[in-house]
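# Overview (structure and organization)
This is what each chain is made of:
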Amino acid sequence: MRDGGTITERSDGVEPTVEVGRDASNVPAEPARTRSDLPQWRPDPTRQDLPGRPGDDAPEDPRENETSVFERPSAGGRTTDDEAYETSVLERPSADDGRRSAGRAADDEPYGDVLERPPARRAEDGRGEPPRRRSGWRWVRRVVYLLLALIIGTPLFSGFRVWWVARQDDHRHSDAIIVLGAAQYNGVPSSVLEWRLLHALKLYRDGVAPHIVTVGGNRPGDNYTEAGTGKEWLIKHGVPSSRIVAVRSGSDTLQSMVDVGKAYKQEGWHTAVIVTDPWHALRSRTMADDNGIKAVTSPTRSGPTVGTRDTQFHYIVRETGGYLYYVFIGRYRGDS
């Protein structure tokens, strides 16, 4: 045997006995130890000042009797007092059950009563500040802000549209090319009118439309009309007279478009490409649509109205005002 014992076999067949003797080092085996031989807890005489120790005169803290889940006694040794102080992890009392002692500081549980705080305002129980009433002036302020937004935003948006349409060049195939009138001097086109006629002539030669419509009346004392002057200029530059329709009436854009709409009905036409200055394109197109003409614009890119940036800004502001006047007032009164 490893511990120095010997096995003695018996002749009567009974189980052999084992005798434990000395091991190889001649050290006798240790005697069996019982539970009473284990070291017992003894109070430290130097720690008598701590609460809860035996012999202390301080009142016993009930929490000392709490039993952890790892220190529960067996079922046989359980008493009523043990069950009273035994607390499971899932059975911890809440803050409302009196867990806090009278001398416990509020900083120990900084978040314990967050959900228990009363609302800041209570009108029904008389505590706190009453709810503030919504003033009727709030709606007045909203209306004022809305009016300011419309007053400021509408011109800005319209000015952007004037600028945007001025940059477009749509010369799809149409029934005719409409050249809006401008000043003339005794049958000689002004520089503005001449640039418009040059652009219309180019579109005609490119096959955009088989006809050209010149527009514009005359002022008191003039011997020539804007439409007649434009027609004569186009004939001199190779356009057959049968391909030109001169609408010799109208002292402004709106009246000219009204008369062009009548001529379109007589000819059975429906579509047009309007040739005018860039900043005048949006207003003239809107007026043409109101008179039954499906129009697109192909404005000029040269001339006095597209010179400097100051000139462009001046015409954009001017045409924005003219467009807004026509949209809100002029189209109902027949004004330009």
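Residues numbered from 1 in each chain as written. Predicted model: local features only at pLDDT ≥ 70, side-chain atom pairs only at ≥ 80, totals over all residues. Heavy atoms only, no water.

So, on to the overall build of the protein. When helices and strands are tallied, the protein shows 7 helices and 9 strands. Split into buried and exposed, the 336 residues of the protein put 28% on the buried side. In the protein, the share of contacts with a sequence separation of at least 24, taken over all contacts with a separation of at least 6, comes to 61%. For the protein, the accessible surface area stands at approximately 23700 Å², while carbon and sulfur atoms represent 52% of it. (Helix = DSSP H or I, 4+ residues; strand = E, 2+ residues; numbered from the N terminus. Buried < 20%, exposed > 50% of the residue type's maximum accessible area, 1.4 Å probe, protein only. Contact = heavy atoms within 4.5 Å. Areas by Shrake-Rupley, 256 points an atom, 1.4 Å probe, with all protein chains shown as cover.)

Our focus in this paragraph is unusual backbone geometry. Residues other than glycine seldom take positive phi values, yet asparagine 186 does so here, at roughly 55°. With respect to the secondary-structure elements, asparagine 186 resides in the loop between strand 4 (184-185) and strand 5 (188-189).

This brings us to the sheet that holds strand 8 (residues 271-275). Within the open sheet, the 5 strands sit side by side as 7-6-3-8-9. Their pairing is parallel. In this open sheet, the two strands that pair with only one neighbour each are strand 7 (244-247) and strand 9 (294-297). Each strand axis lies, on average, 25° off the axis of its neighbour in the sheet, ignoring direction. In this structure, strand 3 (residues 176-179) lies alongside strand 6 (residues 212-215), joined through 3 bridges in parallel fashion. From the neighbouring strand, isoleucine 177 faces strand 6, where its bridge partner is isoleucine 212. The sheet strands contacting helix 3 (residues 191-205) are strand 3, strand 6 and strand 8, and the helix crosses strand 3 at an angle near 175°. (Pairing = 2+ DSSP bridges. Axes fitted to C-alpha atoms, helices over the stretch in contact; angles between N-to-C directions.)

Let's shift gears to a nonpolar patch on the surface. A cluster of nonpolar side chains, namely Trp137, Val140, Val143, Val144, Tyr145, Leu146, Leu147, Leu148, Leu150, Ile151, Ile152 and Leu156, defines an oily patch on the protein surface of about 1300 Å² accessible area. With respect to the helices and strands, leucine 146 occurs in helix 2 (residues 137-166). Note on leucine 146: relative accessible area 53%, which makes it exposed. (Patch = residues over 30% accessible without salt bridge, like charges linked within 9 Å, V, L, I, M, F, W, Y side chains within 5 Å. Salt bridge = Lys/Arg side-chain N within 4 Å of Asp/Glu carboxyl O.)

Now for the pattern of salt bridges. In total, this model carries 4 salt bridges according to the counting rule given. Lysine 202 serves as the salt-bridge partner of aspartate 206, at 3.2 Å between the closest nitrogen and oxygen. The two residues aspartate 206 and lysine 202 agree in class, both being exposed. As a salt-bridge pair, arginine 283 and glutamate 319 come within 3.0 Å of each other at their nearest N and O atoms. Taken together, the residues span a long stretch of sequence, with arginine 283 in helix 6 (residues 281-290) and glutamate 319 in helix 7 (residues 309-333) at a distance of 36 residues. The class for arginine 283 is buried, based on a relative accessible area of 12%.

When pLDDT is averaged along the protein, the result is 76, and 59% of the positions lie at 70 or above. When the criterion is pLDDT under 50, residues 20-24 qualifies, and its contacts beyond four places in sequence or with other chains add up to 11 contacts. Long-range and interchain partners of residues 97-108, a stretch whose pLDDT sits below 50, account for 5 contacts in this model, where long-range means more than four residues apart. (pLDDT = per-residue confidence, 0-100.)

Judged by nonpolar contacts, the single largest core of 26 residues is most densely connected at Ile178, Val213, Val260, Tyr264 and Ile293. Sorting the residues of this core by element identifies helix 2, strand 3, strand 6, helix 5 (253-267), strand 8, helix 6 and helix 7 as the ones contributing at least two each. Sorting elements by how many residues they give to this core places helix 5 first, with 5 residues. Not counting the four nearest positions on each side in its chain, isoleucine 293 is found in contact with Ile178, Val260, Gly261, Tyr264, His270, Ala272 and Ala288. By size, the runner-up hydrophobic cluster in this structure holds 19 residues, among which are Leu203, Tyr204, Leu234 and Val239. (Core = buried A, V, L, I, M, F, W, Y, C linked by side-chain atoms within 4.5 Å.)

Scanning all chains against the criterion turns up 4 aromatic pairs. With centroids separated by 6.3 Å and ring planes inclined at 50°, the aromatic side chains of tryptophan 163 and tryptophan 164 adopt a geometry described as tilted. Taking relative accessible area as the criterion, tryptophan 163 reaches 33% and is therefore assigned partly exposed. Here the aromatic rings of tyrosine 264 and tryptophan 269 are separated by 5.4 Å at their centres, their planes lie at 85°, and the arrangement is edge-to-face. Per residue, the accessibility class of tyrosine 264 equals that of tryptophan 269, and both read buried. Positioned over the ring face of tryptophan 139 is arginine 142, at 4.7 Å from the centre of the ring. (Phe/Tyr/Trp six-rings, centres within 6.5 Å; stacked < 30°, edge-to-face > 60°. Lys NZ or Arg CZ within 6 Å of the ring centre and 35° of its normal.)

The next thing to look at is helix 2. With 30 residues, helix 2 should cover 44 Å at 1.5 Å per step; its first-to-last C-alpha distance of 44 Å lies within 8% of that length. Maximal helix bending in helix 2 amounts to about 25°, located at glycine 153; proline proline 155 follows within four positions. Those residues of helix 2 lying buried are Ser158, Gly159, Val162, Val165 and Ala166. (Expected span 1.5 Å × (residues − 1). Bend = angle between axes of the 7 residues up to and from the residue.)

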